[in-house]
Amino acid sequence: MRRAAKLAGAAAGAALVTAVAVAMRWKNRSPGSRLRVERGMAALRLAARGGARYATNAPRLFASAGEHRQQLRNDLALQTAEDVAATLGTMKGVLMKLGQMASYVDDGLTPAARRTLSRLQDSVPPMSPELAAQVITEELGQPPEQAFATWDPEPIAAASIGQVHRAITHDGRAVAVKVQYPGIAETIEADLGNVALLRRMLKVTAPAQDVDALLAELRERVVEELDYRREARNQQLFVDYFDGHPTIHVPRIVPELSTRRVVTSELADGARFAELASWSQAERDLAAETIYRFVFRSLYELHAFNGDPHPGNYLFHRDGHVTFLDFGLVKHFTAEEMAPLEAMVKHLCVDDDPEGFRQAMVRAGFLLPDAPVSTPLVVEHMAVFYDTVRERGPRTMTSDYATTVTRRFFDFRSPLASYARIPRSYVILQRINLGLFALLGELSATADWRCIAEEIWPFFQGPPCTPMGAAEAGWRAQRAVGTHSGP
């Protein structure tokens, strides 16, 4: 823990020094340059300002406000696009996404800091009803009270770059309407324009990587997330694939009420992650198995990864049923990009072929071709990422394991570090290591992960080994019949 805290502190200190240096150098430049510098400094001061202050104080204030609670909510609401830029800018920019990840990954954070960061996903200050209505009117061509049969002006949740409202369509469907914060696109663009700051920060956390490639991938993914039309298409892709699945549910999109800054889908309910943590271990294990199947079925069969495994993006139901939300950060892979990933796991976990594993790493671009390190060292360094699927038998995911994976990912002292790379195509996939395992570790989830993986691996196609697997096999067989039956 001390090592993680020291590393985090060093990274933050280096980033702050960099920001100050950049600010001094750019002081007399254009307004756009100064905005980028100011945004970078604001993000680095997050813990003391803006969103963190709201997330820390608002729950206590609301609890004590009594009959004045609604007035307090109105006072804190964001009234204009300028409010969004000033307040949500410090919370919802590019760098804040790293803070959200840290809230459930970094064991070097104090419990208080972890709680504050985790609340940022759901406890951001809302837009005023008038401001949300303005966005709806601009996007749908009429105010929300006309676009929908019923419209709730109070948001029910906060998404990464917008907030969610309940509504009922004119044909009687209960829906969730995600409305993008006005001006947030410009705010994030200012973050992405901080190339010098972002490059130096990445150099601190990933000194051996091709930082320009990482920045290009970051920019592409974040810009995609700002277009809710793309999110709607991504979500519908998952809807269509998992339609009828025994435990996985994805809310359907309402395309006629979805635009660049508004996305409408069927309303879903369920327990949040904090409530799931109070359920029995058996229920937590089933929920974890569903999440695991969702992630790897998507990857191996859809060739798509919903790259935000955040606790706020799931709604839980009994018996392992899970509803999956927020498809703004989806990465699509080609068959050529998937081939070396499949070869890596096959060579290491099935064939016990270390040299084949190494060559697959080279083909994927994870390892330099002529790296002067032994193959046993390569396997030793990388094996931790495959530890849960190398052997059969029950295995409990723990927070300690998730921490070990994270530390190995950032182990710059390893002899392999100078020769290992994260190819641009696979940057988002690291969220499996840095997010999914941490989430399952929080649940202390137990399963025979290797056996479940054998069901999913396209080169193995093993028989079902759990009741959920048997139900999933029935669903897959029904899908195959539907796919091959003619009109």
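Rules used throughout
- Residues numbered from 1 in each chain as written.
- Predicted model: local features only at pLDDT ≥ 70, side-chain atom pairs only at ≥ 80, totals over all residues.
- Heavy atoms only, no water.
- Helix = DSSP H or I, 4+ residues; strand = E, 2+ residues; numbered from the N terminus.
- Buried < 20%, exposed > 50% of the residue type's maximum accessible area, 1.4 Å probe, protein only.
- Contact = heavy atoms within 4.5 Å.
- Areas by Shrake-Rupley, 256 points an atom, 1.4 Å probe, with all protein chains shown as cover.
- Polar contact = N/O pair within 3.5 Å; in protein donor to acceptor, adjacent residues only side chain to side chain.
- Phe/Tyr/Trp six-rings, centres within 6.5 Å; stacked < 30°, edge-to-face > 60°.
- Lys NZ or Arg CZ within 6 Å of the ring centre and 35° of its normal.
- Pairing = 2+ DSSP bridges.

Kindly report on the overall build of the chain, identifying the contributing residues and their values.
Within the chain, the regular secondary structure consists of 22 helices and twelve strands. Evaluated residue by residue, the chain yields a buried proportion of 53% over its 487 residues. Taking all contacts inside the chain whose residues are at least 6 apart in sequence as the whole, residues at least 24 apart take part in 70%. Surface accessibility of the chain: about 21300 Å² in total, with carbon and sulfur atoms responsible for 55%.

Account for the environment of Gly328, with residues named and values stated.
With respect to the helices and strands, the residue Gly328 is situated in the loop between β9 (322-324) and β10 (330-332). Judged by relative accessible area, Gly328 falls into the buried class, the value being 3%. As a C-alpha pair, Gly328 and Arg230 span 98 residues in sequence and 7.5 Å in three-dimensional space. When residues no more than four places from it in sequence are discounted, the contact partners of Gly328 are Glu224, Glu225 and Glu231.

Residues and numbers for the side chain of Glu231, please.
Along the polypeptide, Glu231 turns up in helix α13 (residues 228-242). Polar side-chain contacts of Glu231 include one of 2.7 Å to the side chain of Lys178. Setting aside residues no more than four positions away along its own chain, Glu231 makes contact with Lys178, Val263, Asp326, Phe327 and Gly328.

Could you give me a rundown of the packing of aromatic side chains, with the residues and numbers involved?
Aromatic ring pairs are described here by two measures, namely the spacing of the ring centres and the angle between the planes. Using the criterion set out here, one finds 20 aromatic pairs in the structure. Ring centres of Tyr241 and Phe242 lie 4.7 Å apart, and the angle between their planes is 90 degrees; this geometry places the pair in the edge-to-face category. Comparing Tyr241 with Phe242, the two get one shared label, buried. Consider the rings of Tyr241 and Trp475, whose centres lie 5.7 Å apart with planes at 85 degrees: the pair is edge-to-face. Of this pair, Tyr241 sits in helix α13 while Trp475 sits in helix α22 (residues 467-484), and the two are 234 residues apart along the sequence. In terms of burial, Tyr241 and Trp475 fall into one category: buried. Among the aromatic side chains, those forming a connected cluster through ring pairs are Phe238, Tyr241, Phe242, Phe273, Phe294, Tyr314, Phe316, Phe324, Phe327 and Trp475. Against the face of Tyr228 rests Lys178, its NZ or CZ located 5.2 Å from the ring centre. A cation sits over an aromatic face here: Arg395 above Tyr401, 5.1 Å from the ring centre.

I'd love a proper account of the sheet that holds β9, names of residues and values included.
Strand order in this open sheet of three strands is β5-β9-β8, and the pairing throughout is mixed. On the outer flanks of this sheet lie β5 (248-249) and β8 (314-316), each paired with one strand and no other. Pairing between β5 and β9: two bridges, direction parallel. Within β9, the residue paired with His249 across the bridge is Thr323.

Go over unusual backbone geometry, please, and point to the residues and values.
In this model, Asp326 sits at a positive phi of 65 degrees, which is unusual for a non-glycine residue. Tracing the sequence through the fold places Asp326 in the loop between β9 and β10. A positive phi angle, close to 50 degrees, is found at Asp352, a residue other than glycine. Residue placement: Asp352 occurs in the loop between α16 (335-350) and α17 (354-364). Its relative accessible area of 58% is what places Asp352 among the exposed residues.

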